[in-house]
Amino acid sequence: MSVQKRHFKIAFIGAGSIGFTRGLLTDILSVPELQEIEVAFTDINPHNLDMVYQLCQRDIEANGLKIKIQATLDRREAFKDCKYIINCVRIGMLEAFTKDIEIPLKYGVDQCVGDTLCAGGIMYAQRDIAAFEEFCKDIREVAAPGCILLNYANPNAMATWYCNKYGKVPTIGLCHGVQGGHELIARVLGYETKDIDIICAGINHMTWYISVKHNGEELSGRLLEALEADPEVAQTEKVRIDMMKRFGYFSTESNGHLSEYVPWYRKRVDEIPKWIDLGVWINGETGGYLRVCTEGRNWFETDFPNWMKEPPKVYDYDKRSREHGSYIIESLETGRIYRGHFNVVNNGAITNLPDDCVVEVPGYVDTHGVNIPSIGELPMGCAACCMSNITVQRLAMEAGARADINLLRQAMMMDPLVGAVCNPDEIWQMVDEMLIEEAEWLPQYAQEIERAKARWAEAEKAGRLIPPIITQGAARLHTKTVEEMAADKEAARKNAAEADKAKERPAAK
């Protein structure tokens, strides 16, 4: 049977991200109808861009396709005439990420991830907004009419909210958290993932499995017992299990992620260890995601020549990853219906959350677009947890868009974990310190940063600076050197290549 090839252009921004770019491109080019598209890569780091370009172009040629990737530092050239743009950027890269973790630790704010909410996520959003304003402007001006932005960048909800509201670009936020929890639920209940049907609704990284069915039978009532009966899950997911006991529903996000979106589990240094497990970073390790990202990047830099000697990726329609991107593009182009969970502007999908916020809900995709059904009301307690985060998202997103330091301070004050740990004076000083230290990525705050520097100098001279509370964190592990990682090259390479760096979780230690 002949396949009708589609002809359009797609671009990856932040293409130097090896985990996302190579995996997503493999997924897309595994769809027969999409094997004659145009592909552009763009990044601000020429070295990273070139390494990923070399790997991906080799994959393309090994699979017999004629596509020639356009790899360019000129973003507008990459975006020109694009129908879809995939955003994989980390604004400020690991240098800024380190500041997102280390500075809050000085004020007692102990984060595992720090890329979605809490002090790190709030500042990450400020950096994103400064950059995404330019991204969206370029998309409006040079991309094809109606170009869709598929956003994988965190903080996903705030970034997606900004791009839709202020960027005026139709943007869908994508994340694999729902799929990961779906697999866990199926396993503890004793089924294959394909045999368990779920409905998940909420906000990114705080989405709730409000229905879990097998052959039409609702199994939600059995889930807590099944989670507690699994020795590994009972040890590694203590926060999620405790939240389910108290709010009635299981949440998408892992133990470490969820622990920093609420005020109860990371507020006291001596209590943090009882809620986490150090068998794998995502279970709650202090700065765990920063550690594995640092190790992955260092290993990729060192091991790149060996990657080029390995067999190329094989494009196989039936072996795509669980990332939504390729399925959405396939459905929009071919009409094959795809059901997934996407981050979109609410517009009444969840009736007891604000219409203008970004929610994560089920959606169906075909040639008519991304269609979102009405979910109705979330359970009241689950909605309250979401609202605590949406309030912070709104303040932080508007702060970045307006360069308003007072909204930024208020976002920090209203953040569940920051507010549980810090008093107002500590928050004010922490905001100043983070603005000063991250100034190179925050052009919209240039005037406020100068004022912050003056306040800091005055307080330092008068001896009024608040001294550090924590410098290392409650559960910090050593970041491995390249030499240490070389002892297990397979694990190091898997970490460097994987977009979801917690997909395979070893048993608890």
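Only a predicted model underlies this, so the values are computations on that prediction, with no experimental measurement involved. Each chain has its residues counted from 1, following the order in which its sequence is written. At least 70 in pLDDT is required for a residue's local features to be given in this predicted model, at least 80 for side-chain atom pairs to be given and counted, and no such filter applies to totals for whole chains, interfaces and linings, which use all residues. In computing side-chain properties, one takes all heavy atoms of the structure into account and sets aside hydrogens as well as water.

A. Representation of the overall build of the protein chain in the model. A run of DSSP states H or I qualifies as a helix once it reaches four residues; a run of E qualifies as a strand once it reaches two. Both are numbered from the N-terminal end. Helices and strands together make up the secondary structure of the protein chain, namely 21 helices and 12 strands. The atom set for the radius of gyration is the C-alpha atoms, and the globule formula is 2.2 Å times the number of residues raised to the power 0.38. For 509 residues, the compact-globule estimate of 2.2 N^0.38 gives 23 Å, and the C-alpha radius of gyration of the protein chain, at 22 Å, lies within 12% of that figure. For the protein chain, the spread of C-alpha atoms along the three principal axes comes to 75 × 55 × 50 Å. Expressed as a percentage of its 509 residues, the buried residues of the protein chain come to 58%. Residue pairs at least 24 apart in sequence account for 72% of intrachain contacts in the protein chain once pairs closer than 6 positions are excluded. A total of about 20400 Å² of accessible surface is found on the protein chain, and carbon and sulfur atoms cover 51% of it. A 1.4 Å probe rolled over the protein chains alone gives each residue an accessible area, and that area as a share of the maximum for its type sets the label: buried under 20%, exposed over 50%, partly exposed in between. By definition in these notes, contact holds between two residues if any of their heavy atoms fall within 4.5 Å. The method behind every accessible area is Shrake-Rupley, applied with a 1.4 Å probe, and residues are considered shielded solely by the protein chains displayed.

B. Just a nonpolar patch on the surface, in detail. A residue counts toward a patch only above 30% relative accessible area and without a salt bridge, and it is joined to like-charged neighbours within 9 Å or, for Val, Leu, Ile, Met, Phe, Trp and Tyr, to nonpolar neighbours within 5 Å. Only one rule defines a salt bridge in this text: a Lys or Arg side-chain nitrogen within 4 Å of an Asp or Glu carboxyl oxygen. Residues Met413, Met414 and Trp428 make up a contiguous nonpolar surface patch of about 270 Å² in total accessible area. Within the secondary structure layout, Met413 lies in helix α16 (residues 405-414).

C. Region of the structure containing the nonpolar core. One finds Phe12, Phe41, Phe132 and Leu353 to be the most contacted residues of the largest nonpolar core, which totals 127 residues. Among the elements that line this core, the one with the most residues is helix α5 (residues 118-142), at 12 residues. Sequence-distant contacts of Phe12, defined by excluding residues within four places in its chain, comprise Thr21, Leu24, Leu25, Ile28, Val39, Ala40, Phe41, Thr42, Ile86 and Cys88. Among the buried residues, those of types Ala, Val, Leu, Ile, Met, Phe, Trp, Tyr and Cys that are joined through side-chain atoms within 4.5 Å form a nonpolar core.

D. A look at empty space enclosed by the protein. We place a 1 Å grid over just the protein atoms. Points where a 1.4 Å probe fits but has no way out form a cavity, open points with protein on both sides within 12 Å along at least 5 of 7 lines form a pocket, and any residue with an atom within 4 Å of a point lines it. Grid points are joined across faces, edges and corners, and a volume is the space filled by probe spheres set on the points. Taken as a whole and assessed by the stated rule, the structure comprises one cavity of 30 Å³ or more. Counted as a void, the largest cavity has a volume near 30 Å³. Every residue along the wall of the largest cavity is listed here: Thr116, Leu117, Asn204, His205, Met206, Tyr261, Asn389 and Gln393. Each residue belonging to the lining of the largest cavity can be placed in one class, and the counts come to three nonpolar, five polar and no charged. As a working rule, the residues Ala, Val, Leu, Ile, Met, Phe, Trp, Tyr, Cys and Pro are called nonpolar, Asp, Glu, Lys and Arg charged, and the rest polar, with Gly in that last group.

E. The arrangement of the packing of α5 against α16 in detail. Axis separation between α5 and α16 bottoms out at 9 Å; the angle between their running directions is 155°. Considered as vectors, α5 and α16 are oriented roughly antiparallel to each other. The handedness of the crossing between α5 and α16 comes out as right-handed. In this structure, α5 contributes Ala119, Ile122, Met123 and Gln126 to the contact, and α16 contributes Leu408, Ala411 and Met412. Classifying every residue of the contact of α5 with α16 by side-chain character gives six nonpolar, one polar and no charged. All axes here are fitted lines through C-alpha atoms, helices being fitted over the stretch that makes contact, and every angle between N-to-C directions spans 0 to 180 degrees. The labels follow the angle: roughly parallel below 35 degrees, roughly antiparallel above 145, roughly perpendicular from 65 to 115, and oblique for the rest. Handedness of each helix crossing follows the sense of rotation of the near helix against the far helix: counterclockwise by less than a right angle gives left-handed, clockwise gives right-handed.

F. Expanded view of the pairing of strand β10 (residues 338-345). β10 sits mainly inside the fold: six of its eight residues count as buried. Sheet topology note: the β10/strand β11 (residues 358-366) ladder contains eight bridges and is antiparallel. Among the inter-strand pairings, Phe342 is bridged to a residue of β11, identified as Val361. Strands are labelled as partners when DSSP assigns at least two bridges between them.

G. Helix α19 (residues 446-462), seen in detail. Expected span, for any helix, means 1.5 Å times one less than how many residues it has. Spanning 17 residues, α19 covers 25 Å between terminal C-alpha atoms, matching the ideal 24 Å at 1.5 Å per step. If you check which residues of α19 are buried, you get Glu448, Ile449, Ala452 and Ala459. Mapping the buried residues of α19 onto a view down its axis gives an arc of 95°, with all of them on the same face. For α19, the exposed residues lying more than 90 degrees away from the buried face are Gln447 and Lys461. On the buried face of α19, the contacting elements are α16 and α18 (424-437). With its phi angle positive at about 75°, Gly463 sits one or two positions after the end of α19. Along the arc lie the directions from the helix axis toward the C-beta atoms.

H. Spotlight on the state of the cysteines. Two cysteine sulfurs form what is called a disulfide whenever their separation falls within 2.5 Å. A full pass over the atoms with the stated rule returns zero disulfides. Here Cys56 is not disulfide-linked; the sulfur of Cys88 is the nearest cysteine sulfur, at 11 Å. Given a relative accessible area of 1%, Cys56 falls into the buried group. We note that Cys386 lacks a disulfide partner, and the nearest cysteine sulfur, in Cys385, lies 7.0 Å from it.

Structural measurements only, silent on function.
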